[in-house]
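Chain by chain, the residues run as shown.
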Amino acid sequence: MTSRLAFAAICIALLVTSECARFKRQNDEDETEEKSVEELCENRPPDEYFRLTTDGDCRDVVRCDKADGNIGTRLAGVRCPTGLAFDIERQTCDWKTNVKNCRQVEKPRKVLPNLKTDEPICPDGKLSCGNGECINKDLFCNDTPDCKDGSDENSCSVETDPNRAPDCDQSQCQLPDCFCSADGTRIPGSIEPNQVPQMITLTFNGAINIDNIDLYEEIFNGQRQNPNGCQIKGTFFMNHKYTNYSAVQDLHRRGHEIAVFSLTHRDDPKYWTSGSYDDWLAEMAGGRLIIERFANISDGSIIGVRAPYLRVGGNKQFEMMADQFFVYDASITASLSRVPIWPYTLYFRMPHKCNGNAQNCPSKSHPVWEIVMNELDRRDDPSFDESLPGCHMVDSCSNIQSGDQFGRLLRHNFNRHFNSNRAPLGLHFTASWLKSKKEYKEELIKFIEEMLDRNDVYFVTNLQVIQWMQNPTELTGLRDFSEWKEKCDVKGQPFCSLPNACPLTTRELPGETLRLFTCMECPNNYPWVLDPTGDGFNKRR
């Protein structure tokens, strides 16, 4: 007979039936109530993990799995690797020292509104709160609790927001201003795949300074050209602290795209997920103001943002972006799939699931492009290896340990895109990862040069991707595609070879003296959230 200990292990490691669930509840000293699987799973989302007991080492959780056929609901178990624990609030494994809720069985239950009823219970134009109160439909999901029980703000996902963006309607969504498709895989302009350029975007996150300028100079050395004769280009999502703005100014001069990765890069994912409109305004519009001023970028070309930790800020972030004339976001990830997804506008509902348990994707309609991050397939040999979850940043492909593995990742994912719908292939890096092993940089350069031997691959910026989508052009016409000819082959010297190294302080960062490298005049203070120009807090107009 199977021992009680082995039986409990089977319950966690495989699929937990109602018999297992009753066993666990009966043997949990903190739990006197016996519950069936059906009771445990009532009104519980299928992607929410919870604990059956708070005993043990905080590694084991389950979720409700509504199986097909006559099996009914089961509990699917997950165990974090040794040394990690499961964070109930964030719904992920983390180092045990970082997890503070091991005594918590489940996420707090929120009162939900009554949005689906057999018979209408409210007048037209109104919906029911959880307590039966009726309020205007447009008050739901506006970040202000209007129901007495607060339920109008508790069901606001892309799928459940009563005021969510409508599904794609191609008769109402026309290029150049709007692009959507039911599943996100449609090619703009209905061009045949073999006439679509395979665009590859190289994007880099973080401060630009002496630690990585040499890497960027080596990759973008001015000698590597796309088939139209223009130099290959990259997109740099930069945050403020430790950035050398004279280097940013020169990257912009040479035609690379500069975008915003936030001002503070605050080390708290919840800050970004739950940030207010003013938080996002200060971080992104404030960050752009600093770049424009101290890198002397005055052409209005800083139009993209990426959220730190890729933690999107929901409707508040995108409302701010529209108000501040940001054209695109590049933070939302799409799960690994057979056919990758093209960028889309958010006038209509996003064509894929909001990836990640803690993610806060926009549910409403916004006049903003999303340069979606298609996850990479990181398997060494996709023909034989078992399925693995995809990775959005190359850095997060944790199984890549050698240059050869990295090269296989690049070529396999290129083929995935090239041999299907040729959606842009995004390769997203932090410079420190590329510099961590010389073979990584060498393999990337080898891949770039290999691709440039073809006549159907272009290394472009995110903005250039949007420009092509707004005016889809077949391969045969790309040599004269004017939008990709700007700053085609830039020569010459940087604006200044000896920038000012301004030693500055700010009362927002007490005790710190920070150097600001810029070709412009030194400001009075180190630019920060409340004083992005560095002119001072109380300067009168």
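Conventions we followed
Residues numbered from 1 in each chain as written. Predicted model: local features only at pLDDT ≥ 70, side-chain atom pairs only at ≥ 80, totals over all residues. Heavy atoms only, no water. Phe/Tyr/Trp six-rings, centres within 6.5 Å; stacked < 30°, edge-to-face > 60°. Helix = DSSP H or I, 4+ residues; strand = E, 2+ residues; numbered from the N terminus. Buried < 20%, exposed > 50% of the residue type's maximum accessible area, 1.4 Å probe, protein only. 1 Å grid on protein atoms, 1.4 Å probe; cavity = no way out; pocket = protein on both sides within 12 Å on 5 of 7 lines; lining within 4 Å. Points joined across faces, edges and corners; volume = space filled by probe spheres on them. Nonpolar A, V, L, I, M, F, W, Y, C, P; charged D, E, K, R; others polar. Pairing = 2+ DSSP bridges. Right-handed = clockwise from strand over helix to strand, strands pointing away. Expected span 1.5 Å × (residues − 1). Contact = heavy atoms within 4.5 Å. Disulfide = S-S within 2.5 Å. Polar contact = N/O pair within 3.5 Å; in protein donor to acceptor, adjacent residues only side chain to side chain. pLDDT = per-residue confidence, 0-100. Axes fitted to C-alpha atoms, helices over the stretch in contact; angles between N-to-C directions. Parallel < 35°, antiparallel > 145°, perpendicular 65-115°, else oblique. Left-handed = near helix turned anticlockwise from the far one by under 90°.

On inspection of all chains with the given rule, the structure shows 20 aromatic pairs. Centroid distance phenylalanine 406 to tryptophan 433: 5.1 Å. Interplanar angle 85°. Geometry classified as edge-to-face. Taken together, the residues phenylalanine 406 in helix α9 (residues 403-418) and tryptophan 433 in helix α10 (residues 431-436) connect sequence positions 27 residues apart. Since its relative accessible area comes to 0%, phenylalanine 406 is described here as buried. Ring geometry for tyrosine 526 and tryptophan 528: centres 6.2 Å apart, planes at 35°, overall tilted. Grouping residues by exposure puts tyrosine 526 and tryptophan 528 together as buried. Put simply, the rings of Phe204, Tyr216, Phe220, Phe236, Phe406, Phe429, Trp433 and Tyr440 pair up and form one aromatic cluster.

For the rest of this paragraph, the subject is the layout of surface pockets. The gaps left among the atoms become clear once a water-sized probe is rolled over them. Here the second largest pocket is characterised by a volume of approximately 1,400 Å³. What lines the second largest pocket is a set of 34 residues, and nearest its centre among them are Thr92, Asn355, Gly356, Glu375 and His392. Top element by residues in the lining of the second largest pocket is strand β5 (residues 92-95). It accounts for three residues. Classifying every residue of the lining of the second largest pocket gives twelve nonpolar, 17 polar and five charged.

This part is about empty space enclosed by the protein. Counting across every chain of the model gives three cavities of 30 Å³ or more. If you add up the space inside the largest cavity, you get close to 110 Å³. The wall of the largest cavity is formed by 15 residues, among which Thr201, Ile371, Val372, Pro424 and Gly426 lie closest to the centre. Ranked by the residues each element gives to the lining of the largest cavity, the list is headed by strand β17 (residues 425-430), at three residues. Looking at the lining of the largest cavity, its residues break down into eight nonpolar, six polar and one charged.

In terms of burial, strand β8 (residues 198-205) is a largely internal element, eight of the eight residues being buried. The pairing of β8 with strand β18 (residues 457-459) spans three bridges and is parallel. Looking at β18, one finds that methionine 199 is bridged to tyrosine 458. As judged from the six bridges shared by β8 and β17, these two strands associate in the parallel manner. Counterpart to isoleucine 200 in the pairing with β17 is leucine 425. Alignment of β8 against strand β9 (residues 235-238), held across three bridges, turns out to be parallel. When the sheet's bridge partners are listed, asparagine 205 is paired in β9 with phenylalanine 237. Running through helix α4 (residues 213-219), the crossover from β8 to the neighbouring parallel element β9 is right-handed.

Side chains of strand β10 (residues 257-260) alternate between two faces, with Glu257 and Ala259 and Ile258 and Val260 buried alike. Where β9 and β10 come together, four bridges link them in parallel fashion. Across the sheet, residue phenylalanine 236 finds its bridge partner in β10, namely isoleucine 258. Viewed along the sheet, the connection from β9 through helix α5 (residues 245-253) into β10 turns out right-handed.

Next up on the list: helix α11 (residues 438-452). With 15 residues, α11 should reach 21 Å at 1.5 Å per residue; the first-to-last C-alpha distance of 22 Å fits that figure. All buried positions along α11 are accounted for by Tyr440, Lys441, Glu443, Leu444, Ile445, Phe447, Ile448, Met451 and Leu452. If you follow the buried residues of α11, they end up packed against β8, α4, α9, β17, α10 and β18.

Here the focus is the state of the cysteines. Applying the stated criterion to the full structure yields 13 disulfides. Bridging cysteine 496 to cysteine 519, the disulfide has an S-S length of 1.9 Å. The sign of the -75° torsion about the S-S bond sets the cysteine 496-cysteine 519 disulfide as left-handed. On the criterion of sequence distance, the pair formed by cysteine 496 in the loop between α12 (462-470) and β19 (500-504) and cysteine 519 in the segment after β20 (514-518) is long-range, its members being 23 residues apart. In this structure, cysteine 496 and cysteine 519 share a single accessibility class: buried. Between cysteine 502 and cysteine 522 runs a disulfide, and the two sulfur atoms are separated by 2.1 Å. Between cysteine 502 and cysteine 522 the sulfur-sulfur dihedral comes to about -80°; the bridge is accordingly left-handed.

Along the polypeptide, asparagine 205 turns up in strand β8. The buried category is assigned to asparagine 205, whose relative accessible area is 10%. In this structure, the C-alpha to C-alpha distance between asparagine 205 and serine 432, residues 227 residues apart in sequence, is 9.9 Å. Asparagine 205 has contacts with Phe237, Phe261, Arg306, Met393, Phe429 and Thr430, leaving out every residue within four places of it along the chain. Looking at asparagine 205, its side chain comes within polar contact range of the side chain of arginine 306, at 2.9 Å.

When pLDDT is averaged across the protein chain, the result is 89; 91% of the residues are at 70 or more. Confidence drops under a pLDDT of 50 for residues 1-32, and excluding neighbours within four residues, the segment shows 57 contacts in the predicted structure.

Across the interface, helix α7 (residues 277-294) lies against helix α8 (residues 314-323) with an axial gap of 8 Å and an inter-helix angle of 50°. With respect to each other, α7 and α8 are oriented oblique. Of the two elements, α7 crosses α8, and the hand of that crossing is right-handed. Of the residues in α8, those in contact with Tyr277, Trp280, Leu281 and Met284 of α7 are Lys316, Gln317, Glu319, Met320 and Asp323.

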